[in-house]
Amino acid sequence: MLTLAPAARAADTVDPAADKAAFQKFFTSKFPKLKLEDFVNGPYSMNEDLHKQWQEKEEFPPYEFSLEAGKEMFSTPFKNGKTYADCFPNKGIGIRQNYPYFDEKEGKVVTLELALNRCREANGEAPFSYVKDDMAALTAYMAFTSRGKPMDIKIPNDPRALEAYQKGKEYFYTRRGQLNFSCATCHIQSPGERIRAEVLAPALGILNAMPIYRSEWSGMGTTSRRFTTCNSQIRGVPLNPQDDEYRNLEYYLSYVSNGLPISGPGARP
Amino acid sequence: MASSIRVRATSNGDTTEVQALIQHPMDSGFVKDAKGEIIPPHFIQVLTFEYDGKPVFVADWGGGVSKDPYVKFAFKGGKKGDDLKVSWVDNKGATDTATAKIQ
């Protein structure tokens, strides 16, 4: 039936605002003791012991070195004398909450990581790896300058934007991999429960803390790293970082967390 | 280059609580890289905290300590405004030192 009139069907049913309300209501009723802004602390919001660990960790956060490196990189000019600040609105300060956004010229979702690499390439620099190190340091600094600002993802009145949103949503709920898990299996059905030694994070606010220092990685990772490792952990074949599917997924997942504060860079067990 | 050591020391009049975070790869020598070649051991061997010219905490470390180690301890004494000196030496002879004012 889908094949008969996919466009018409999508236009009839896509309602991001209603999705967002339902999504947030699901989590606030599942965890009635938590305030909305608590969800950005992932597993640390789910469990009292972990919460104490986190508070102690925040006094001396493991992402500090990366944050400092990012700050330095951000202010260091490229070979041509320009800087990252020249590529972004408001000189790149306090804008993390607006990413990813839908680019109407291009007709696609643009994430912060993608925009940073485009900025590098436009200035004659080699792009960074999307998953860690330099990219994580840069996004860590940019997230830090936006801390506390509410996530503010816009979906313009453009059928392509709605389509990107809808595709991201479909990706989120589609089962894949040998384990036949969807993103929702862990992060909607089971937040707060354990998968082996890990406490699963709620999907709500999960991207607000990116990039993160994970003790399991003993290092920093970006949203791209989280997506690709999630896919391999369910024994699926990960896509390439910043493939359209991942950008759409990030668009959907960020939109439904609108209103929750940016808490990145974060630390996770 | 920025210091590899972050340290914070706070005194409550009686004891001084010290926290430190050190940036170091701490390679054990038992791990292979993506090409299958062993990553040579590279770890901090001695970590020293000195107050008033005397060591208050000395750690003999090996390859079993995690990357970017974090240390927390307390010692008796230590006055606000005094210096606490931290230094480490690794197995390749590299070293770093930092000084923190006790708060």
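Residues numbered from 1 in each chain as written. Chains lettered and ligands numbered in written order. Predicted model: local features only at pLDDT ≥ 70, side-chain atom pairs only at ≥ 80, totals over all residues. Heavy atoms only, no water.

Named according to an unreviewed UniProt entry, chain B is Thiosulfate oxidation carrier complex protein SoxZ originating from Bradyrhizobium septentrionale.

The name given to chain A in an unreviewed UniProt entry is SoxAX cytochrome complex subunit A, with Bradyrhizobium septentrionale as the source organism. Per UniProt, the comment on chain A under Sequence similarities (unreviewed entry) is "Belongs to the SoxA family." (UniProt positions renumbered as here; feature names shortened; annotations may be inferred.)

Asks: Describe in detail the pattern of salt bridges, supporting the description with residues and values.
Replies: Residue and element names in this part refer to chain A. A full pass over the atoms with the stated rule returns 16 salt bridges over all chains. A salt bridge links Glu125 to Arg120, with the shortest nitrogen-to-oxygen separation between them at 3.7 Å. Taking the relative accessible area as the measure of exposure, Arg120 reaches 9% and is therefore buried. Close ionic contact of Glu198 with Arg214 constitutes a salt bridge, the shortest N to O distance being 3.4 Å. Of the two residues, Glu198 sits in strand β4 (residues 198-199) while Arg214 sits in strand β5 (residues 212-214), which places them 16 residues apart along the sequence. The class of Glu198 is partly exposed, set by a relative accessible area of 24%. (Salt bridge = Lys/Arg side-chain N within 4 Å of Asp/Glu carboxyl O. Buried < 20%, exposed > 50% of the residue type's maximum accessible area, 1.4 Å probe, protein only. Helix = DSSP H or I, 4+ residues; strand = E, 2+ residues; numbered from the N terminus.)

Asks: Would you mind going over the nonpolar core in detail, with residue names and values included?
Replies: All names here are of chain A. By size, the foremost hydrophobic cluster in this structure holds 44 residues, and its most contacted members are Phe23, Phe27, Phe39, Phe172, Tyr251 and Leu253. Contributions of two or more residues to this core are made by α2 (16-30), α3 (48-59), α7 (159-173), α8 (183-187) and α10 (244-255). Broken down by element, this core gets its largest block of residues, 6 residues, from α10. Beyond its immediate sequence surroundings of up to four residues, Tyr251 is in contact with Pro100, Tyr101, Phe102, Val109, Ile153, Lys154, Ile155, Pro156, Ala161, Ala164 and Tyr165. (Core = buried A, V, L, I, M, F, W, Y, C linked by side-chain atoms within 4.5 Å. Contact = heavy atoms within 4.5 Å.)

Asks: Help me get a handle on the state of the cysteines, residues and values and all.
Replies: Residues and elements named next belong to chain A. In this structure the tally under the stated criterion is 1 disulfide over all chains. Two residues share a disulfide in this structure: Cys87 and Cys119, whose sulfurs sit 2.0 Å from each other. In this structure, the disulfide formed by Cys87 and Cys119 twists by about 70° around the S-S bond and is classed as right-handed. One end of the pair, Cys87, is in the loop between α4 (64-75) and β1 (101-103); the other, Cys119, is in helix α5 (residues 112-122), with 32 residues separating them in the sequence. The class for Cys87 is partly exposed, based on a relative accessible area of 33%. Free cysteine: Cys230, not disulfide-bonded; nearest cysteine sulfur from Cys183 at 6.8 Å. For Cys230, a relative accessible area of 24% puts it in the partly exposed group. (Disulfide = S-S within 2.5 Å.)

Asks: So what's going on with the UniProt feature "domain: Sulphur oxidation protein SoxZ" (unreviewed entry) in chain B? Which residues, and what values?
Replies: If you check UniProt for "domain: Sulphur oxidation protein SoxZ" (unreviewed entry), the listed places come out as residues 6-100 of chain B in our numbering. Strand forms 53% of residues 6-100 of chain B and helix 0%; the C-alpha atoms that close the span are 9 Å apart.

Asks: Describe the interface of chain A and chain B, listing the residues and the values that go with them.
Replies: On the side of chain B, 14 residues touch chain A, which itself brings 11 residues to the contact. Of the roughly 1100 Å² buried where chain A meets chain B, counting both sides, 55% is carbon and sulfur surface. Among the residues chain A hides against chain B, the three largest losses belong to A:Glu59, A:Phe60 and A:Phe65. Together they make up 62% of the total. Scanning the region where chain A abuts chain B turns up 3 salt bridges. Put simply, A:Glu56 and B:Lys72 hold a salt bridge, and the shortest N to O gap is 3.6 Å. For the interface between chain A and chain B, the tally reads 5 residue pairs in polar contact (both at pLDDT 80 or more). Breaking the side of chain A that touches chain B down by element, the ones donating at least two residues are α3 and α4 of chain A. (Buried area = accessible area lost by both parts, 1.4 Å probe. Polar contact = N/O pair within 3.5 Å; in protein donor to acceptor, adjacent residues only side chain to side chain.)

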